[in-house]
Amino acid sequence: MEPTFLPIVQSIIQLGASKGKWIYDERALAAKLGLSMADFRRFIRMVETEGDGPSPYSAKIDLSSSVRNNIGLYRINHGRKSKKSEDDETTDEVKPSLEASSAEGSIYYQHGASRDAFDRRVTMDLQKELTKMVVGTHPYLGKFGEKYVQERKKTWRAWIMNDDTAEQKVLANLYISNHLPYITTKYIQLWDIPIATAETPTSAELEHVKREIINLMIAMFVIPPTSTSQFTSVRRSTRNSLDNAELRPSTPKRPKYSTEEEVVSDDDDEEEEVDDDDAILSDGTREAIKALNFGSLKRQWDSGDYEDVGRLEIAAYGAHTGATRDSVNQTIAEYSGTTPISAKELEDIKGIGKSKLIRKIDNFKKLREYINSRLPNKLFNVTNDQRILEYVHNGRRYTEAGGSCMTRSLHFISKHNSQRELSLPSAAIIRHAIICFGIPLSKFNGLLNCMSILLTGNVLRKDEFPSTATVRLHMARLSRLDRHLQAEVDKKTFGYTTLNGFPVLQYITTDDTKHGKNDKHHAVIVTGRFSEDNGDDDGNNNVPILEQKPSYIVLASTGAVGSDAAANSDLNHKVMKENIDIKVLSMMGGGTVDGAATAKVEVEETMVKNLAHCEANNMPVDRFGVRPKAIIIPDLFHVDNVAITEASNVFSGEPTKGDSRQFHPKQLLQSTHDLHSNDPEASQGIIDKILAELTETVKYILATCRQRDQRWRVNGLYAARLLAMMDIMVEDPRDESRIVNLLTAWAIHMNLIGGKVVGDDSQWMKQAAEEVAVMSESETIKISLTFEMELVTRFFDITHNSHGKRGEQDRRAGFTTMGLHSLLFNFSIPFWRSASLNPKTAFPQTHGMIEKLGNEEIKRQKLDQLQAAADAGYEKMMKNTELFLLAPLVFLLLTHPVEGPRVLRAMLCCLNGCEEIDLNDVDIYGEADNKPNLDDGTAWGQYKNLSRFTEPEKAWYDVISQDGEDNLLHFWKQFGFQRNCIRNELKRLSRETTPRDESSKTPLKDFAKAYPIIYESLFAAFGFSSSNSRIVEMLHSFVRGCYDSQVPAEFLRDKLRYLMDQEYQLREERRRLYRSRADPKKKWSAAKHLDRKDTQQMGGEQVQKLTSKYHQGVLDVLPPDERKISTYAKKGTTSSEKQKKEAKKAAFISKVAKKTQRRGKDAYLDHDKLVDAAAKAKTVHDREWQNREERLFNEITEDMATVAHFDKCKMANNFFINEVIAVLPYIGVSLDEIQQPPYKTKANIKAKLLSPHIKLIKEIAKGDKPNTITDHDVSGMSKHERLKLFVHADKSLKRKEIEDQIENKRALLKHLFGHVANSISKEYQDLIDAPQAQVDDESWTNDGNEEDDAYDLALGVGMANNDDDQDDDGSSDEEDNNSNNDS
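**Q** Describe the overall build of the chain, naming the residues involved and giving the relevant values.
**A** A count of helical and extended segments in the chain gives 62 helices and 12 strands. Carbon and sulfur atoms provide 50% of the accessible area of the chain, an area that totals close to 63900 Å².

Below you can see the structure in the form of structure tokens.
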């Protein structure tokens, strides 16, 4: 076997020297080596069996090991292995095919000098994905349509095989024009050559990509490894057809060298073929062609002219990509090149033409192979992705450093002032480290020096450090560059329309907050698009609509000038005008707003100012013939919070502000937090000591946070934690024969020691502990805590998690506006409706505890309060979701599988008879004038006869018609629903009477498939809108985490923008790797992005990739003065902690022992007294519950005793005058007198009569003045009794008018929801029935307000950094290093 064995080994070694990047199917590798499968497997067995191979290959080689072996062949573990394929040497020979390639049990190999030399871009999964993409079997392609998929399946083989028949040529050209450019662009980072323009690859680039794909298909055993010239020589006729040039005959190239002798041969000049049009080339271009021939490059290298070879390569790449001469020379300078490229040299190289130049660039790859073949033992190889000049530069530096490890050169010589300057790639890496890892700028150089010593053993010289004084300037320039690049991306999304001409709209989200006592900040975030799939150079947006990826862009987080809508809209307009291209600015759609009263006005005024600015600059703003109105999207997340807050306040009452000793469940939460947070170690020590005395092992960790007036999730989760504490029964510290709950026992201990382990007792803590002990024994307090918990676990946690998911379209969390109605009608409204009808179903634990009360009076009161709380929550939900039922948001309901057709018919009925619209008119807005009428002649569904409407349709009509036809008509036109192209689908939808699959988990995709143009219109309008304002709340939390009043606002903004845009993209790539390996059977958990070695390695590769994005030449896109850095200068461990905890616990035990020894058991509070006090105590809310109607009327009377109340009344029909006389009977004038001078007008009545009279009434009510208005004795009256004497609120005409309006609207909504939201969907009911599935990660214990809940909020947008030092299996890095799975 020896004569056979050695040639096979030599062939494999030669394959390794050729640096092929693909992983080979064993059958393809055997064919490439000219072996049968039986011979190949016998060879593998000899290699892996010690003593069977000849010297020097007699030692056993484990081909599955990552250890380098001397034949350069490695087995790749992938998928399921077939036992037969490993053991059987007599396997039948199989011909290459798609079926053979995808057969199970395949074994794969990769060849090369070592695993470290493999192309890290290539994996088996990627190869299989790319193969499916090429042949048209990848399921992803289904988004482009069945016709597109079938065409690719039919044409790929003709494209590869290069058949001369006319039919096959047609098929090949179809593949080249319709399919190859997409594959080239989608996998642009995979090819061995740079693609100059991603959107429009040249024919030469496509030819190179074809060669790589053919090698892939051979490696994957799809096609045979016959003479590759059969496939790879793209016929000249095909290339010319791409370039619209005449046909020319092709000259066959010499076969590629395959042995080292051929590589080093001086005769291998590989001269290019001579084309007819070479005769018209300049002499300089001819010389450039000769200089770039492989033979010339090799001779230059052999003569020692290394730098000239390197600069030629950079010039060739620059000429191919269209880089400027300055950019080319900056790259040469980065690698210490001393001879720049002249303008003539660059023009001569450009004159070669891109088609031929790409083949010349291939010569540098061959030169690298030649260089590596001459190096001993394959040491110091030049890699495929390394510039030859960089290789020369590093070699010189290694020699100059005496063979020691080298550090990266951070600087280059600036062309502006000939001084050393931090290079752009270095600045990008430093920015990433400072922002993403929280490294202070002042400490960065010290850390950099430590890393240099750790990794290279070298101490940095002072000229190798970056200047901390200018790093911030470089970061400012990078940010300016990022804003420019993002603007270019957005112009290809929002600046253009969809395939059917619908404009894609951009949205804003804004909010105010305070950082510090008086530092008010205003944050502005706009929605953008990730810089992928950007369309072509003409602005055509050919990316499938569902693939467009949204992003958030921070425009400002700066000091607010004022707090009103006008000031904020001015600031919004200013930052948008400065950062957004005017063409994109005209595409503003509106904004997402929270519950603030001025937020809606702010967005509307911002849009008005933006459109006015666009018109002033001759930019059209009308959309389909109407001036666009702002689309306001209420934050459903805030709506849900308002509902539970109102329900909580009605059930338990609001605590008295400033009273820290009140008997109230919220005070229990706050006092417990105050006691525990003062000394957590001592507090937990008490609990551990109490539980240690139990016979069973029980553990409890007390976690607290500050009580919140705005509930969010915090109060409910905190209440659940305290309820769990109250369910644990322990011995009474005073009387061991009695049992108390753990919270009471803890509070008694805290009262004993005053809450402090060392020092004097704290009297306020003793008092607070006693109050906690009393409240912990109260049944009504426990019921209130249970209600607080159920508000979260049964409602808010479910909506909270829904808003944090990526949605049906698998886009970024926070961009699920298209599916908000599903959440609203399937859960939120049905929950509160069912709660209002029967509170027991919504709050079973609360209701059950109330039923167990022994006091019948208290039980009736609590049941009454529970019903009132459910009604209040339902009222708030109806009030705050009304905008979702009116235009423009009601248009989104068209996608609903059941309500969509009903809503459309109700809308059509509202529009029926409008003078400004004829539903049968042809409207060609945005379409070519010569486009034929697309109307298919079918009829609309029944919408004109209201009496034929079903009950749900009538309910929809009643609600939608309340808004008026003008608003509905406006958005009908604004969304392009009157256009020619959409009409047939609208007609078909209006005729739909059989509901689509309501149980489908993909209703949006189902609708998009059935009605693609309607969906396209809605997606263009709403697809890039933020579905909630959590992102801006998260922005505030980011600012709080790094807030410093000394830091410039621009630096803060740039830092936030980088985190929320670029860093989010990098983290999301790493999270996708995490998700791809997650076990679907395990409970869902947040995807971590930097918790294991593979994601950490990926993070490094991402940072390295930044250096290619921020190459020095990219600055050419900026204006000349903004490229200079001077422009920006003018602008201006835990052992000690554990010992401390143990010492505190010991001190606590000692203090308890001393106190009990001195005072005995009487030192503890008496439990009987606590129980008695708890039984007698009532909250103010409970005591006053019976008088709630009177308190409500008192509030109404106070509101009417103001001029503002009467100012709301109009003078028409004497409404204002009648209101004054009715409400203020003692005003001193009659109805006739008030209509005569000197009163008569509204202004005079207010100034001369109303204002003085109301002022006097208030002074009498307060007791500041005697009653001079009537003869009534008011001395024994209360303030409210006096006020009601003079102000008759029950006679108010305005009050009755408002109450009638509210009641009418309530009746309409109740009628509608009785039809469309009458039950909770099974999906959400399952979540309610399993609340224990909610993960309590204690993140809610962070102190602060809702903006400080950074973890909760960041989860929703994918920015939560919940990394730890351990892997999921609990193993540490050291344990990983000892395992065999490190790779």
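So that's the structure; there's more coming.
**Q** Could you give an account of a nonpolar patch on the surface, with specific residues and numbers?
**A** Residues Leu447, Met451, Leu454 and Leu455 make up a contiguous nonpolar surface patch of roughly 410 Å² in combined accessible area. With respect to the helices and strands, Leu447 occurs in helix H22 (residues 441-456).

**Q** Can you break down helix H14 (residues 283-291) residue by residue, with the values?
**A** Along H14, the positions that sit buried rather than exposed are Gly284, Thr285, Ala288 and Ile289. The buried side chains of H14 occupy one side of the element, clustering within an arc of 145° when seen end-on. Residues of H14 that are buried sit in contact with helix H18 (343-350) and helix H19 (354-374).

**Q** Go over unusual backbone geometry, please, and point to the residues and values.
**A** With an omega dihedral of 10°, the bond running from Ala887 to Pro888 counts as a cis peptide bond. Turning to its location among the elements, Pro888 is positioned in the loop between helix H37 (856-880) and helix H38 (899-911). Each neighbour pair has its own omega, and for Pro1237 with Pro1238 the value is 10°, a cis peptide bond.

**Q** Account for the pairing of strand E2 (residues 73-76), naming residues and giving values.
**A** The alternating pattern of E2 places Leu73 and Arg75 on one face and Tyr74 and Ile76 on the opposite face, and all of these are buried. Relative to strand E3 (residues 108-111), E2 runs antiparallel, the two being bridged by four bridges. Each residue of the ladder has a partner; that of Arg75, found in E3, is Tyr109.

**Q** I'd like a description of the packing of helix H6 (residues 124-135) against helix H10 (residues 203-219), backed by residues and values.
**A** Look at H6 against H10: their axes get within 11 Å of each other, and the N-to-C directions meet at 110°. Relative to H10, H6 is oriented roughly perpendicular. In the crossing of H6 with H10, the sense of the turn from one axis to the other is left-handed. The residues of H10 that touch H6, namely those facing Gln127, Leu130, Thr131, Val134 and Val135, are Ile213, Leu216 and Met217. The class makeup of the residues in the contact of H6 with H10 is six nonpolar, two polar and no charged.

**Q** How would you summarise the pattern of salt bridges if you had to cite specific residues and measurements?
**A** Going through the model one piece at a time under the given rule, you end up with 45 salt bridges. Here Glu313 ties to Arg368 by a salt bridge, and the two come within 2.3 Å at their closest N and O atoms. Taken as a pair, Glu313 in helix H16 (residues 306-321) and Arg368 in helix H19 lie far apart in primary sequence, 55 residues in all. In this structure Glu313 comes out as buried when scored by relative accessible area, which is 0%. For Arg368, a relative accessible area of 3% corresponds to the buried category. Between Lys600 and Glu604 there is a salt bridge whose closest N-O contact spans 2.7 Å. You can see Lys600 and its partner Glu604 sitting in helix H26 (residues 599-616), four residues apart, about one turn around the helix.

**Q** Tell me what's going on with the nonpolar core, and back it up with residues and numbers.
**A** Membership of the largest hydrophobic core comes to 123 residues, with the highest contact counts inside it found for Trp832, Phe891, Trp956, Trp972, Phe977, Phe1022 and Phe1313. A total of nine residues in this core trace back to one element, the largest contributor, which is helix H34 (residues 820-837). Ignoring anything within four residues of it in the chain, the contact list for Phe891 reads Met907, Leu968, Phe971, Trp972, Phe975, Phe977 and Leu1018. Membership of the second largest hydrophobic core comes to 98 residues, among which are Leu29, Val47, Leu63 and Leu367.

**Q** Outline the environment of Lys1105, listing residues and values.
**A** Topologically, Lys1105 is positioned in helix H47 (residues 1093-1109). Under the relative-accessibility criterion, Lys1105 is labelled partly exposed at 45%. When the C-alpha atoms of Lys1105 and Ile429 are compared, they prove to be 9.8 Å apart, with 676 residues separating the residues in sequence.

**Q** Let's hear about the sheet that holds E3: which residues, and what values?
**A** Across the sheet, three strands lie side by side as E1-E3-E2; this open sheet has antiparallel pairing. The open sheet has two free edges, formed respectively by strand E1 (24-25) and E2, since each of these has just one partner strand.

**Q** Can you lay out the packing of aromatic side chains for me, pointing to particular residues and giving the numbers?
**A** According to the stated counting rule, one finds 29 aromatic pairs in the structure shown. With centroids separated by 6.1 Å and ring planes inclined at 75°, the aromatic side chains of Phe825 and Trp956 adopt a geometry described as edge-to-face. Linking Phe825 in helix H34 with Trp956 in helix H39 (residues 951-961), this pair joins segments that are 131 residues apart in sequence. Owing to a relative accessible area of 2%, Phe825 belongs among the buried residues under this scheme. Three or more aromatic residues joined by ring pairs make a cluster, and in this case those are Phe651, Phe787, Phe795, Phe827, Phe831, Trp832, Phe843 and Tyr1324. The ring of Phe502 is capped by Arg979, whose NZ or CZ atom sits 4.6 Å from the centre of that ring.

**Q** So what about the confidence of the model for the chain? Which residues, and what values?
**A** Looking at the chain as a whole, the pLDDT averages 80, with 81% of positions reaching at least 70. Within the chain, the element-level pLDDT minimum falls on helix H12 (residues 236-243), averaging 34, and the maximum on helix H36 (residues 844-851), averaging 96. Across residues 79-90 the pLDDT falls below 50, and counting only partners more than four positions away or on other chains, this stretch makes 16 contacts in the model. In this model residues 1344-1383 is a low-confidence stretch, pLDDT under 50, and it forms 92 contacts with partners more than four residues away in sequence or in other chains.

**Q** Help me get a handle on a negative patch on the surface, residues and values and all.
**A** Side chains of Glu915, Glu916, Glu965 and Asp966 sit close together on the surface and give a patch of like negative charge. Relative to the elements of secondary structure, Glu915 occurs in the loop between H38 and H39. Under the relative-accessibility criterion, Glu915 is labelled exposed at 84%.

**Q** Residues and numbers for helix H55 (residues 1215-1223), please.
**A** Listing the buried residues of H55 in full gives Phe1216, Ile1217, Glu1219, Val1220 and Val1223. All buried residues of H55 fall inside an arc of 160° around its axis, so they share one side.

**Q** Can you lay out the packing of helix H21 (residues 424-436) against H47 for me, pointing to particular residues and giving the numbers?
**A** Axis separation between H21 and H47 bottoms out at 8 Å; the angle between their running directions is 145°. Considering the relative orientation of H21 and H47, their crossing is right-handed. Mapping the contact onto sequence places Pro425, Ala428, Ile429 and His432 in H21 and Val1103, Leu1106 and Thr1107 in H47. For the contact of H21 with H47, a count of residues per class yields five nonpolar, two polar and no charged.

**Q** Requested: an account of the environment of Glu882, with residues and values cited.
**A** For Glu882, the position within the fold is in the loop between H37 and H38. Taking the C-alpha atoms as reference, Glu882 lies 9.7 Å from Pro634; in sequence the two are 248 residues apart. Reaching out from Glu882, the side chain makes a polar contact with the side chain of Lys1305 at a distance of 3.2 Å.

**Q** Tell me about the environment of Tyr370, and please be specific about residues and values.
**A** Here Tyr370 lies in helix H19. As a C-alpha pair, Tyr370 and Lys298 span 72 residues in sequence and 8.0 Å in three-dimensional space.

**Q** Would you mind going over the side chain of Glu421 in detail, with residue names and values included?
**A** Take Glu421: it is sitting in strand E5 (residues 420-422). Judged by its relative accessible area of 10%, Glu421 falls in the buried class. A distance of 3.3 Å separates a polar atom in the side chain of Glu421 from a polar atom in the side chain of Arg477. Ignoring sequence-local partners within four residues, the contact set of Glu421 consists of Leu410, His411, Phe412, Ser414, His474, Arg477 and Ile1125.

Reading the values: the criteria
Residues numbered from 1 in each chain as written. Predicted model: local features only at pLDDT ≥ 70, side-chain atom pairs only at ≥ 80, totals over all residues. Heavy atoms only, no water. Helix = DSSP H or I, 4+ residues; strand = E, 2+ residues; numbered from the N terminus. Areas by Shrake-Rupley, 256 points an atom, 1.4 Å probe, with all protein chains shown as cover. Patch = residues over 30% accessible without salt bridge, like charges linked within 9 Å, V, L, I, M, F, W, Y side chains within 5 Å. Salt bridge = Lys/Arg side-chain N within 4 Å of Asp/Glu carboxyl O. Buried < 20%, exposed > 50% of the residue type's maximum accessible area, 1.4 Å probe, protein only. Arc of directions from axis to C-beta. Contact = heavy atoms within 4.5 Å. Pairing = 2+ DSSP bridges. Axes fitted to C-alpha atoms, helices over the stretch in contact; angles between N-to-C directions. Parallel < 35°, antiparallel > 145°, perpendicular 65-115°, else oblique. Left-handed = near helix turned anticlockwise from the far one by under 90°. Nonpolar A, V, L, I, M, F, W, Y, C, P; charged D, E, K, R; others polar. Core = buried A, V, L, I, M, F, W, Y, C linked by side-chain atoms within 4.5 Å. Phe/Tyr/Trp six-rings, centres within 6.5 Å; stacked < 30°, edge-to-face > 60°. Lys NZ or Arg CZ within 6 Å of the ring centre and 35° of its normal. pLDDT = per-residue confidence, 0-100. Lys, Arg positive; Asp, Glu negative; His and termini not counted. Charge placed at Lys NZ, Arg CZ, Asp CG, Glu CD. Polar contact = N/O pair within 3.5 Å; in protein donor to acceptor, adjacent residues only side chain to side chain.

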